[in-house]
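Per-entry structural report
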Amino acid sequence: MTFTFRPVDPLTDAGLLHEWVTHPKAAFWMMQDARLEDVERAYMEIAADEHHHALLGLAADGTPAFLMEQYDPAHRELAGLYEPRSGDVGMHFLTPATDTPVHGFTRAVLTAVMFRLFEDPSVRRVVVEPDVRNTAVHALNAAVGFVPEREIDKPEKRALLSFCTREQFEKAVTA
């Protein structure tokens, strides 16, 4: 599967993102009770933030297929919770709920997201902090090379701090 990326337009994309983030499947996104205005505001804040970016992943036909966020963990999400290294980038991704699941789709999305992040030669390591209860994403993360380091307490959740270097990713996707 081939995907392209474009920046989220908070005003144009808010309706679609609202549908995705409030679906029960997106419980770990923690926006279940968000109103459309809340989603619009959240993505306007991200658009204005030099340390946080939201992108839509597009299918080959241009249809929005998933959401990706990247952030600087020294300034957002993980600031003060671990010792960031030069070249660290944080990441979140969300695949929307569907009535017609495609086997391997979510792994293909995560692989595309990782390729996108490592396109930047300054990125040496991707950092994630999924909820400790999100075992499905832990398995996906492991499949693309992430190695859990430890559990951490964030204000909104207990998270599994995990890292993936460029070398770990390349080894995982070529194995």
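The model shown is predicted, which means the values in this text are computed figures rather than measured ones.

Definitions and cut-offs
- Residues numbered from 1 in each chain as written.
- Predicted model: local features only at pLDDT ≥ 70, side-chain atom pairs only at ≥ 80, totals over all residues.
- Heavy atoms only, no water.
- Core = buried A, V, L, I, M, F, W, Y, C linked by side-chain atoms within 4.5 Å.
- Buried < 20%, exposed > 50% of the residue type's maximum accessible area, 1.4 Å probe, protein only.
- Helix = DSSP H or I, 4+ residues; strand = E, 2+ residues; numbered from the N terminus.
- Contact = heavy atoms within 4.5 Å.
- Pairing = 2+ DSSP bridges.
- Axes fitted to C-alpha atoms, helices over the stretch in contact; angles between N-to-C directions.
- Expected span 1.5 Å × (residues − 1).
- Arc of directions from axis to C-beta.
- Salt bridge = Lys/Arg side-chain N within 4 Å of Asp/Glu carboxyl O.
- Phe/Tyr/Trp six-rings, centres within 6.5 Å; stacked < 30°, edge-to-face > 60°.
- Left-handed = near helix turned anticlockwise from the far one by under 90°.
- Nonpolar A, V, L, I, M, F, W, Y, C, P; charged D, E, K, R; others polar.

**Here's the deal with the nonpolar core**
M91, V113, M114 and V126 are the most contacted members of the largest nonpolar core, which totals 26 residues. Where this core is concerned, the elements lending two or more residues are β3 (64–71), β4 (88–94), α3 (105–118), β5 (125–128) and α4 (135–143). Of all the elements, α3 adds the most residues to this core, at 8 residues. When near neighbours in sequence (up to four residues on either side) are disregarded, M91 contacts E69, Q70, Y71, L110, V113, M114, L117, V126, V127, V128, E129 and F146. Counting 16 residues, the second largest nonpolar core, distinct from the first, contains L17, V21, M31 and L56.

**Some points on unusual backbone geometry**
We note that M30 has phi near 60 degrees; this positive angle belongs to a residue other than glycine. On the secondary structure map, M30 appears in the loop between α1 (10–21) and α2 (36–47).

**Focus: the sheet that holds strand β2 (residues 52–58)**
Each strand in a sheet pairs with another by means of backbone hydrogen bonds, the pair being arranged parallel or else antiparallel. Spatially, β1-β2-β3-β4-β5-β7-β6 is the arrangement adopted by the 7 strands of the open sheet, whose pairing is mixed. In this open sheet, the two edge strands, each paired with only one partner strand, are β1 (4–7) and β6 (147–153). Sheet twist, expressed as the average angle between the axes of neighbouring strands with direction ignored, equals 30 degrees. Of the pairings in the sheet, the one linking β5 to strand β7 (residues 158–165) comprises 4 bridges and is antiparallel in character.

**Focus on α2**
Side chains that are three or four residues apart share a direction in an α-helix, a result of its 3.6 residues per turn. For α2, which comprises 12 residues, the first-to-last C-alpha distance of 16 Å matches the rise-based estimate of 16 Å (1.5 Å per residue) to within 8%. For α2, every residue scored as buried is listed here: V39, Y43 and I46. For α2, the angular spread of buried residues about the axis comes to 50 degrees, placing them on one side. Those residues of α2 that are buried lie in contact with α1, β2 and β3.

**Some details on the pattern of salt bridges**
Using the criterion set out here, one finds 13 salt bridges in the structure. A salt bridge links E151 to R158, with the shortest nitrogen-to-oxygen separation between them at 2.8 Å. For E151, a relative accessible area of 42% corresponds to the partly exposed category. Residue class for R158 comes out partly exposed when judged on its relative accessible area of 35%.

**Here we look at helix α5 (residues 166–174)**
By the burial criterion, the buried members of α5 are R166, F169 and A172. Angular distribution of buried residues about the axis of α5 spans 130 degrees; they occupy a single face of the element. Exposed side chains of α5 directed beyond 90 degrees from the buried face belong to E167, K171 and T174. The inward-facing, buried residues of α5 contact α3, α4 and β7.

**Brief notes about the packing of aromatic side chains**
Under the counting rule described, the total for this entry stands at 6 aromatic pairs. Seen in terms of ring centroids, Y82 and F163 are 5.6 Å apart; in terms of plane orientation they differ by 50 degrees. Their pairing is tilted. Taken together, the residues Y82 in the loop between β3 and β4 and F163 in strand β7 connect sequence positions 81 residues apart. Under the relative-accessibility criterion, F163 is labelled buried at 6%. Every member of this aromatic cluster is reached through a ring pair, and the members are F3, F5, F66 and F105.

**Quick notes on the packing of α3 against α5**
Their axes nearest at 11 Å, the elements α3 and α5 cross at an angle of 140 degrees. Remark: the crossing between α3 and α5 carries left-handed chirality. When α3 is examined against α5, the residues T111, M114, F115 and F118 are found in contact with a partner set consisting of R166, F169 and V173. Grouping the amino acids of the contact of α3 with α5 by side-chain chemistry returns 5 nonpolar, 1 polar and 1 charged.

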